[in-house]
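An overview of the molecular structure
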Amino acid sequence: MTKYLLTRMRQSLITLFLVSVVVFAGIRALPGDPALALAGEERSPEALAAIRESYGLNDNVVVQYARFIGHALTGDLGTSSRTGLPVADAIGQALPVTLELAALSLLLAIVVGIGAGVVAAVRRGKPEEWLANAIALIGLSIPTFWLGIVLVLGFAIAIPVFAASGYVPFGTDPVDNLRRMVLPAIVLGSGLAAVVMRQTRAAMLDSLSADYVRTARAKGLSRGSVIGGHALRNSLVTVVTVLGLQLGHLISGAVVTEQIFVLPGFGKLTIDAVFTRDYATLQAVVLCTSAAYILINLLVDVVYSVIDPRIRLGGAR
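Residues numbered from 1 in each chain as written. Predicted model: local features only at pLDDT ≥ 70, side-chain atom pairs only at ≥ 80, totals over all residues. Heavy atoms only, no water.

What follows covers a nonpolar patch on the surface. Together, F145, W146, I149, V150, L153, I157 and V256 give the surface a local cluster of nonpolar side chains, amounting to about 670 Å² of exposed area. At six residues, the largest contribution of residues to the nonpolar patch is made by helix α7 (residues 144–158). On the secondary structure map, W146 appears in helix α7. (Patch = residues over 30% accessible without salt bridge, like charges linked within 9 Å, V, L, I, M, F, W, Y side chains within 5 Å. Areas by Shrake-Rupley, 256 points an atom, 1.4 Å probe, with all protein chains shown as cover. Salt bridge = Lys/Arg side-chain N within 4 Å of Asp/Glu carboxyl O. Helix = DSSP H or I, 4+ residues; strand = E, 2+ residues; numbered from the N terminus.)

Below you can see the structure in the form of structure tokens.
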């Protein structure tokens, strides 16, 4: 187990290094001179020279990258040209909002998606399967922005059960926090729940027709033990793969949802950085999002090893 984890961690670190190179090079490949964007209307040669000297833009790319990595390792992600505040502080304020939204969306997808997928597989050919497939198709077909607007009109304006916008930290007021986060979580998690349901159903159908399930039934095991302890557990490898890929998508795909519900998360931070050419913030946001993808994939590999020991033994070779 230790060898397997060390191998996966080494691969993740190499991937993170390559991602940092791509992010650094990609930001500097954007059209326009950062010094001109920072100078604003005062674009005298002296002002431009001072800005380039202050931000180290006169150094070669290798020196700039080494400085960027050195500062990033100490938690210094630069200073926002838009606000003049440290980028790490802005990310520290926005990241909890996006993480909470992603966690609630993932919880919704797991409960609804896996539950509906198991029911659809076990009740194959029955009305329950048709209902689950219909709900999944609707979840995959409805655009995120349209669903968000409909939920706001229905459950925040017509029937004011939930709040339509804004954010309150969970530690400050848990009830008000959930009133503001339930609708965004439904919007963001509905599509993922539909994907999880379809994948769970397909994997469960394969497992239910496997020899080991027939053997478990022949041994007289209860229906719940056969479905939960044998069929579902062996189906979770496929489901965990989908969840791992989609969780990274939730973090980066929350931009539209956060804009609809005016949540001060990564989405708003990214949009503001793009429109104001805040290169330091944009660079940090992309790097953090990429690191989240890598970390999620590492966690998925760990879950693989717990669900199926054969993966752990094969991956450590």
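Inspection of the entire model under this criterion finds five salt bridges. With a closest N to O distance of 2.5 Å, R201 and E129 form a salt bridge. Taken together, the residues R201 in helix α8 (residues 174–208) and E129 in helix α6 (residues 127–141) connect sequence positions 72 residues apart. The partner of D176 in a salt bridge is R180, and the shortest N-O contact between them spans 3.4 Å. Of this pair, D176 and R180 both sit in helix α8, four residues apart, roughly one helical turn. Its relative accessible area of 16% is what places D176 among the buried residues. One network of salt bridges, with partners in common, ties together D176, R179 and R180. (Buried < 20%, exposed > 50% of the residue type's maximum accessible area, 1.4 Å probe, protein only.)

Attention shifts here to the packing of helix α5 (residues 87–122) against α8. One can describe the packing of α5 onto α8 by two numbers: an axis separation of 4 Å at closest approach and a directional angle of 35°. Regarding α5 and α8, the two cross each other, and that crossing is right-handed. Among the residues forming the contact of α5 with α8, the class breakdown is 25 nonpolar, seven polar and two charged. (Axes fitted to C-alpha atoms, helices over the stretch in contact; angles between N-to-C directions. Left-handed = near helix turned anticlockwise from the far one by under 90°. Nonpolar A, V, L, I, M, F, W, Y, C, P; charged D, E, K, R; others polar.)

Turning our attention to the side chain of E258. Looking at where E258 falls in the secondary structure, it is placed in helix α10 (residues 223–260). An unpaired buried charge is present at E258: no salt bridge exists, and K268, the closest side chain of opposite charge, is 9.6 Å distant. Of the polar contacts made by the side chain of E258, one reaches the backbone nitrogen of G267; its length is 2.4 Å. Ignoring sequence-local partners within four residues, the contact set of E258 consists of T98, L101, L263, G265, F266, G267 and K268. (Lys, Arg positive; Asp, Glu negative; His and termini not counted. Polar contact = N/O pair within 3.5 Å; in protein donor to acceptor, adjacent residues only side chain to side chain. Contact = heavy atoms within 4.5 Å.)

A turn of α-helix holds 3.6 residues, and therefore any two residues three or four places apart point the same way. With 15 residues, α6 extends 21 Å between its outermost C-alpha atoms, agreeing within 8% with the 21 Å of an ideal straight helix rising 1.5 Å per residue. All buried positions along α6 are accounted for by E129, A132, N133, A136 and G139. Buried residues in α6, looked at end-on, bunch into an arc of 125°, giving them a common side. Summarising the geometry of α6, the exposed residues directed more than 90 degrees from the buried face are P127, W130, L131, I135, L137 and S141. (Expected span 1.5 Å × (residues − 1). Arc of directions from axis to C-beta.)

A few words now on the nonpolar core. Counting residues in hydrophobic clusters, the biggest one holds 36 residues, and the most contacted among them are L101, V196 and M204. Where this core is concerned, the elements lending two or more residues are α5, α7, α8, α9 (211–218) and α10. The element that contributes the greatest number of residues to this core is α8, accounting for eleven residues. Those residues in contact with V196 that lie beyond four places of it in its chain are A109, G113, I114, V239, V242 and L243. (Core = buried A, V, L, I, M, F, W, Y, C linked by side-chain atoms within 4.5 Å.)

On to α5, then. In a regular helix each residue adds 1.5 Å, so 36 residues correspond to 52 Å; α5 covers 50 Å between its end C-alpha atoms and thus fits that length. Along α5, the sharpest kink reaches roughly 30°, centred on A94 and followed within four residues by the proline P96. (Bend = angle between axes of the 7 residues up to and from the residue.)

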